[in-house]
Amino acid sequence: MLTGIALARRLGAHLMPEPPLATPEPGFTYLFDGSDAQFANWQMAGGGFFSRFDRTMITQQDGRGIGLLFYKPQRFENFILRLDFLLPHPRGVNNDNSGVFVRFRDPRLPDPAPDPVDPPNNAAFVAVHTGFEIQIDEEARGDMRFGEPDGSFFARTGAVYKIKTLGTAPGQQNYQNHANLAARQWHRYEIEVNNQDYIVRLNGQEATRFRRSAIDTVRGNPPSVDPNSGFIGLQTHTGNVAFANVRIKT
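Residues numbered from 1 in each chain as written. Predicted model: local features only at pLDDT ≥ 70, side-chain atom pairs only at ≥ 80, totals over all residues. Heavy atoms only, no water.

Attention now goes to the side chain of threonine 208. By secondary structure assignment, the location of threonine 208 is in strand β11 (residues 205-211). A polar side-chain atom of threonine 208 sits 2.8 Å from a polar atom in the side chain of glutamine 173. (Helix = DSSP H or I, 4+ residues; strand = E, 2+ residues; numbered from the N terminus. Polar contact = N/O pair within 3.5 Å; in protein donor to acceptor, adjacent residues only side chain to side chain.)

By the definition in use, this model includes 23 salt bridges. For arginine 52, the salt bridge is made with aspartate 36, and the minimal N-O distance between the two is 2.6 Å. In this pair, arginine 52 is assigned in strand β3 (residues 49-53) and aspartate 36 in helix α2 (residues 36-39), connecting sequence segments 16 residues apart. Put simply, aspartate 226 and arginine 105 hold a salt bridge, and the shortest N to O gap is 2.6 Å. (Salt bridge = Lys/Arg side-chain N within 4 Å of Asp/Glu carboxyl O.)

The next point concerns the pairing of strand β6 (residues 79-86). Counting buried positions over the 8 residues of β6 gives 7, a clear majority of the element. In terms of strand pairing, β6 meets strand β9 (residues 186-194) through 8 bridges, oriented antiparallel. Paired with phenylalanine 85 across the strands is histidine 187, a residue of β9. (Buried < 20%, exposed > 50% of the residue type's maximum accessible area, 1.4 Å probe, protein only. Pairing = 2+ DSSP bridges.)

Once that is clear, we can look at the side chain of threonine 236. Mapped onto the secondary structure, threonine 236 falls in strand β12 (residues 229-238). A distance of 3.1 Å separates the side chain of threonine 236 from the backbone oxygen of glutamine 60, its partner in a polar contact. A polar side-chain atom of threonine 236 sits 2.3 Å from a polar atom in the side chain of glutamine 61.

Structure, rendered in structure tokens:
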């Protein structure tokens, strides 16, 4: 079997072009600039793993279910998160499926809101149960455990995953993304979180806007409400999504 490094190098040969250069932006701090030193600030939970190849982090699976790579040194209150991502295989069988989790609890601690349908021994589900996922999936794959069909807006790139009602009221999302992302090109997310308002921009265009419902008190808590919450992470699910230039402005 290929080692993680060998597999990453083989994948890297197919992940051209190189990501945009990490350049300073006013007010932004890099959480991952491509260096080993910053990659060491990220920790895995659950299945799969991420390999660093040059200036990218590449998702990989190992049969143990979904995984979460989270930034461990700091929790974040209100912020603008920017990152670049690339999909080598956005469509077809076993297409790229990943996401960006925000405002979840520390996955090293017991899950405060376990769901009996999810594996109890996979710490990545702490982010599912206590945070919000900004989806990356051009095929909008449905959750097979519940018989969901493919193609639902709430499972597609740019959506807040599983927020199933369209609209502008609290608990709904105003999903507007109609882009079809090209394979093997770098795309950009900007995720703005202010109190309980979430705005997702994809390649400079607003993809969705969401306000948490007042009765949803478990997910998306900032550290001022829950000192163990406010983490940021990246998901590995299927395919080999690449990430680069993760930076944040608080």
